[in-house]
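Spelled out, the chains give:
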Amino acid sequence: MLTKFLIAGAIYLGILVFLVRRTRVKEKTTSSYLLGGGNIGFVIGLFTTAATLFSAFTVIGMPDFFRTHGIGAWIFLAVSDTMMVYALIRVGEMLRRKARKLDFKGMSGLMVNTYGAKLAGYVAFGGAVIFLIPYIAVQISGISIFLNAAFPNAIPVWAWSLIIVGIMILYSETGGLRAIMYNDTLQGILLFITIWIIGWNCVSHFGNMTSMFDKVESISNELLSVPGPKGLFTTQFLIISAIAIISLPFTQPQISTRVVIMKSSSALRKMAIGLGIVAILIILPTLFMGMYGAVLYPEASTQEFIGHVLLYDQAEGIAALGLIGLIAAAISTSDSQIFALGSELRSLLTLGDKKAILITRVFIFFFGILALIFSILSTEHLVLLARTSFTGTAMMGPMILVGILSSRKPSLLMPIVTVMALITFILAKIGIIPSKIGVLEVELFLFSILAIACVLEGFLLGKAKGTTSKN
Amino acid sequence: MKKRRVALLKILDGLALLTFIASFSPLVTPEHVAEPFILGLPYTLGAGLLVSFLFVILAYLVSIINKEENHAD
């Protein structure tokens, strides 16, 4: 299988190199290098956003989540993703309007401009760095450990991580956002084809879907309802996840940048609808893979199960494609996140464009190295860490939304409450304070506080408007 | 015309909110209940699939209504 993987890998790398050469930016400016020229059509927009959204956590994590916790995983991700599409189409236009008005370079810079205070920008940037770096790292480590298991005698885990980060940094530094987006399109198509071939094979093993669920029912009836055999999918868990995922287009900079740089509002609308359909189509085969694993490998570790479903139970050609698809999934999300962190930093810099871009490129390299170091050290569970990342950045959602939606300059209430919410969330995650406040999970408690702060801010803004009109 | 558009958007937002609430209520996610099967799918999965499609349809309807609005381009 190694030979087929190397051939498929060489073709994949060849196409990557070709795309980087085609999209190479000679004169690197904020607009051409960090914002991809700001003229992205519907098709590229759809695939780059989908590839950025559906990462290794979808390919490895979701089948394992379905296998271990059952069909509630559909509500956890697919339903939440389609809710996100509704939010994207409702608020995306307002974000674009604000971005046009305030010369968008990144969400952090936009927050500085809307709040008229650096604190808001630092909160947005700090939150993104704290919650994205571990998520990037765990994806790289997940794929590297898996590649090492697939080819135990080839190279060590850290060397796989180094290769993946090396590829990411190289083409991000060379081609900028446009190169990333074209590569995302390639990776998105590859991921889609691979995941459907494997998912289809999993259903075929049982004959049809009805037989598949009959078989799962005979093994563990609990897999076919919530909260699942381990009781994970409680109502609170699902609501927190939904809020976190709905906020993604505004709280994760790699997605908000794509919303802003779409060529037109019509392209954005088409992209959003397409994203909803793609979400359903990408998550469905991971359900098939999970149910297959629940019947055939109920007691196996994640790595053993993924090894079987992606590699050993597939024809060699498909397995090689599966591996490339997996690498593509990890790279397409991680590179966008690392690059977005660079853009966020740029949006906070008030230097000349040339110097700011130089600093940004140095930091993109630095963020890549940071992710590499974390990936060598990390051991966290992929899906749950991804959820922590989404939830952590979602704490910034109310502050960002107030900034986008208000026509006046808001007070510092939201940035201050957001900092406190972020600190509380981190303390709860590392176990210094309890993860429950009364009957509420700490995340829901914090979302409630942030919602109250939003209402207060709305009241303050309304009062200020009243005073101005009286004058 | 603008009033009509705003009203329609409010109706769609209301529907989206109701669907959101229903998604986490026993209507879509009853605990420990796998039956009845919908088209061969366990109840929560079948209902969840319908909710997913419903949100895409709602988003599509918003996009049609918003087409007429002055946009950011």
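Residues numbered from 1 in each chain as written. Chains lettered and ligands numbered in written order. Predicted model: local features only at pLDDT ≥ 70, side-chain atom pairs only at ≥ 80, totals over all residues. Heavy atoms only, no water.

In the nomenclature of an unreviewed UniProt entry, chain B is known as DUF3311 domain-containing protein of Ulvibacterium marinum.

Taking an unreviewed UniProt entry as the reference, chain A is identified by name as Sodium:solute symporter family protein belonging to Ulvibacterium marinum. Recorded in UniProt for chain A, the comment headed Sequence similarities (unreviewed entry) runs: "Belongs to the sodium:solute symporter (SSF) (TC 2.A.21) family." One UniProt comment on chain A, placed under Subcellular location (unreviewed entry), says "Cell membrane". (UniProt positions renumbered as here; feature names shortened; annotations may be inferred.)

Tallying the contact residues gives 40 residues for chain A and 40 residues for chain B. Together, the buried faces of chain A and chain B total about 3300 Å²; carbon and sulfur atoms form 71% of this surface. The interface formed by chain A and chain B holds one salt bridge in total. For Arg90(A), the salt bridge is made with Asp13(B), and the minimal N-O distance between the two is 2.8 Å. The interface formed by chain A and chain B includes seven residue pairs in polar contact (both at pLDDT 80 or more). Looking at the side of chain A that touches chain B, the elements that each hand over two or more residues are helix H5 (72-101), helix H9 (209-219), helix H10 (235-246) and helix H13 (265-296) of chain A. Among the elements that take part in the side of chain A that touches chain B, H5(A) stands out by supplying 14 residues, more than any other. (Contact = heavy atoms within 4.5 Å. Buried area = accessible area lost by both parts, 1.4 Å probe. Salt bridge = Lys/Arg side-chain N within 4 Å of Asp/Glu carboxyl O. Polar contact = N/O pair within 3.5 Å; in protein donor to acceptor, adjacent residues only side chain to side chain. Helix = DSSP H or I, 4+ residues; strand = E, 2+ residues; numbered from the N terminus.)

A few words on the packing of H5(A) against helix H12 (residues 253-260) of chain A. Residues and elements named next belong to chain A. Packing of H5 against H12 leaves a shortest axis separation of 9 Å and a crossing angle of 75°. On the basis of the axis angle, H5 is roughly perpendicular to H12. The residues of H12 that touch H5, namely those facing Leu-88, Gly-92, Leu-95, Arg-96, Ala-99 and Arg-100, are Ser-256, Val-259 and Val-260. A per-class count over the contact of H5 with H12 returns five nonpolar, two polar and two charged. (Axes fitted to C-alpha atoms, helices over the stretch in contact; angles between N-to-C directions. Parallel < 35°, antiparallel > 145°, perpendicular 65-115°, else oblique. Nonpolar A, V, L, I, M, F, W, Y, C, P; charged D, E, K, R; others polar.)

Residues and elements named next belong to chain A. Look at helix H19 (residues 413-429): 24 Å from first C-alpha to last across 17 residues, which is about the 24 Å you get at 1.5 Å a residue. Among all positions in H19, only Met-414, Pro-415, Val-417, Thr-418, Ala-421, Leu-422, Phe-425 and Ala-428 are buried. End-on view of H19: buried residues confined to an arc of 160°, all on one side of the axis. Just downstream of H19 lies Gly-431, where phi reads positive at about 85°. (Expected span 1.5 Å × (residues − 1). Buried < 20%, exposed > 50% of the residue type's maximum accessible area, 1.4 Å probe, protein only. Arc of directions from axis to C-beta.)

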